[in-house]
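Report on the structure
Below, each chain spelled out in residue letters.
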Amino acid sequence: MAYWLMKSEPDEVSIDDALAASSIPWFGVRNYQARNFMRDRMQPGDGVLFYHSSCDQPGIAGLAEVASSAYPDHTQFDPASKYFDPKSSAESPRWMMVDVRALRKTRLLSLAELRACPALSDMLVLQKGSRLSITPVGVAEWRQVLALLEGKKSP
DNA sequence: GCCAACGTTGGC
DNA sequence: GCCAACGTTGGC
C-alpha cells in the first residue's frame, strides 16, 4: 500500500468530474518519471491526494484511490489528441496510465497551507522547482494531510 | 503574462 | 557524452 499525489488541471478533470464517474483514466502523462511511478510502483488500492494545479486555487481538493494497474494511454495513438506521440507505437507503447477512482471531495487544502505545515516540508510536491505531476507521498505525510483536512492543528 | 526550474532534443 | 537551445510546468 502506497500513497501518491496526482495533479490535475480542474479545467480538464476536476475532483467533481472525477466523482461523477466511477473511475477516470489518467491519460496525458508525458513524463518518464511519472510514467514509471504508474507502471512500476502503483497498485490498485493505493491512496491518492487529488491535487488541482494550474488554477486559481491550487491545492488538494479530494481523496482518491488507484483503481487499476498500468495500461497503455490510448491518446498517444490519436493524431487528433494533443497528447499524440508520433514516436510511440502500438507494438511498444511509450506512455502508460492507470485508472483513478475519486472517493470524496475535501475542503480545498491550499498550497500555502501545505507549505505552512512544518511536518510536510519534505513533501516532494512542495520542493523548489518540483513539476512532477505524480509524486509519492510518505505515510506520515499522508496522515498529516488527513489531519489538516480534518481541521486539526499541525504538531 | 512573467519567469524560474526542469526535461527533452539534436548537433557535434 | 556534452551542452545549447528549446519547450513545458505551474505558481504568482
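Being a predicted model, the structure only gives us computed values, none of them experimental.

In this section: the environment of alanine 70. Positionally, alanine 70 belongs in the loop between strand E4 (59-66) and strand E5 (71-72). By relative accessible area, alanine 70 is classed as partly exposed at 23%. Separated by 30 residues in the primary sequence, alanine 70 and aspartate 40 place their C-alpha atoms 8.2 Å from one another.

Attention now goes to the packing of aromatic side chains. Tallied over the entire structure, the rule returns five aromatic pairs. Centre to centre, the rings of tryptophan 26 and phenylalanine 50 are 5.6 Å apart; their planes meet at 85°, and the pair counts as edge-to-face. Note that tryptophan 26 is positioned in the loop between strand E2 (24-25) and helix H2 (32-41) and phenylalanine 50 in strand E3 (residues 47-52), a separation of 24 residues in sequence. Of the two residues, tryptophan 26 and phenylalanine 50, neither departs from the other in class, the shared state being buried. Centroid distance tyrosine 32 to tryptophan 95: 4.7 Å. Interplanar angle 35°. Geometry classified as tilted. Placement of the pair is tyrosine 32 in helix H2 and tryptophan 95 in the loop between E5 and strand E6 (96-97), with a sequence separation of 63 residues.

Of the positions making up helix H4 (residues 139-149), those classed as buried are Glu141, Trp142, Gln144, Val145, Ala147, Leu148 and Leu149. Tucked inside the fold, the buried residues of H4 contact strand E1 (3-8), E3, E4, strand E7 (99-110), helix H3 (111-115) and strand E8 (134-137). Just beyond H4, the residue with positive phi is glycine 151, at close to 90°.

Our focus in this paragraph is the side chain of serine 81. Residue position: serine 81 is located in the loop between E5 and E6. Among the residues examined, serine 81 registers a relative accessible area of 16% and is labelled buried. At 2.9 Å, the side chain of serine 81 forms a polar contact with the backbone nitrogen of tyrosine 83.

With respect to spatial proximity, the complete set of residues near DNA strand B consists of Tyr32, Lys87, Lys128, Gly129 and Arg131. The sugar and phosphate moieties of DNA strand B supply 74% of its atoms located within 4 Å of the protein. One of the side-chain nitrogen or oxygen atoms of lysine 128 is found 2.8 Å away from a phosphate oxygen of DNA strand B. Contact between DNA strand B and arginine 131: a base oxygen at 2.7 Å from a side-chain N or O atom of the residue. Its residues placed into classes, the surface near DNA strand B shows one nonpolar, one polar and three charged.

Considered as a void within the structure, the largest pocket measures approximately 440 Å³ in volume. Along the wall of the largest pocket there are 17 residues; nearest its centre are Lys7, Ser8, Phe27, Gly28 and Tyr83. At the level of elements, E1 and E2 are the ones that each hand at least two residues to the lining of the largest pocket. A class-by-class count of the residues in the lining of the largest pocket yields seven nonpolar, six polar and four charged.

Within the secondary structure, tyrosine 3 is located in strand E1. Given a relative accessible area of 16%, tyrosine 3 falls into the buried group. If we ignore the near neighbours within four places in the chain, the residues touching tyrosine 3 are Gly47, Thr135, Pro136, Val137, Val139 and Trp142.

This part is about the sheet that holds E4. If you trace the six strands from one edge of the open sheet to the other, you get E2-E7-E4-E3-E1-E8, paired in mixed fashion. A single partner strand is all that each edge strand has here, and the edge strands are E2 and E8. Pairing between E4 and E7: seven bridges, direction antiparallel. Across the sheet, the residue bridging to leucine 63 is arginine 104, located in E7. The sheet strands contacting H2 are E1 and E8, and the helix crosses E8 at an angle near 55°. Packed on one face of the sheet, H4 meets E1, E3, E4, E7 and E8 and runs near 55° to E7.

How each quantity is defined
- Residues numbered from 1 in each chain as written.
- Chains lettered and ligands numbered in written order.
- Predicted model: local features only at pLDDT ≥ 70, side-chain atom pairs only at ≥ 80, totals over all residues.
- Heavy atoms only, no water.
- Helix = DSSP H or I, 4+ residues; strand = E, 2+ residues; numbered from the N terminus.
- Buried < 20%, exposed > 50% of the residue type's maximum accessible area, 1.4 Å probe, protein only.
- Phe/Tyr/Trp six-rings, centres within 6.5 Å; stacked < 30°, edge-to-face > 60°.
- Contact = heavy atoms within 4.5 Å.
- Polar contact = N/O pair within 3.5 Å; in protein donor to acceptor, adjacent residues only side chain to side chain.
- Near = heavy atom within 4 Å.
- Nonpolar A, V, L, I, M, F, W, Y, C, P; charged D, E, K, R; others polar.
- 1 Å grid on protein atoms, 1.4 Å probe; cavity = no way out; pocket = protein on both sides within 12 Å on 5 of 7 lines; lining within 4 Å.
- Points joined across faces, edges and corners; volume = space filled by probe spheres on them.
- Pairing = 2+ DSSP bridges.
- Axes fitted to C-alpha atoms, helices over the stretch in contact; angles between N-to-C directions.

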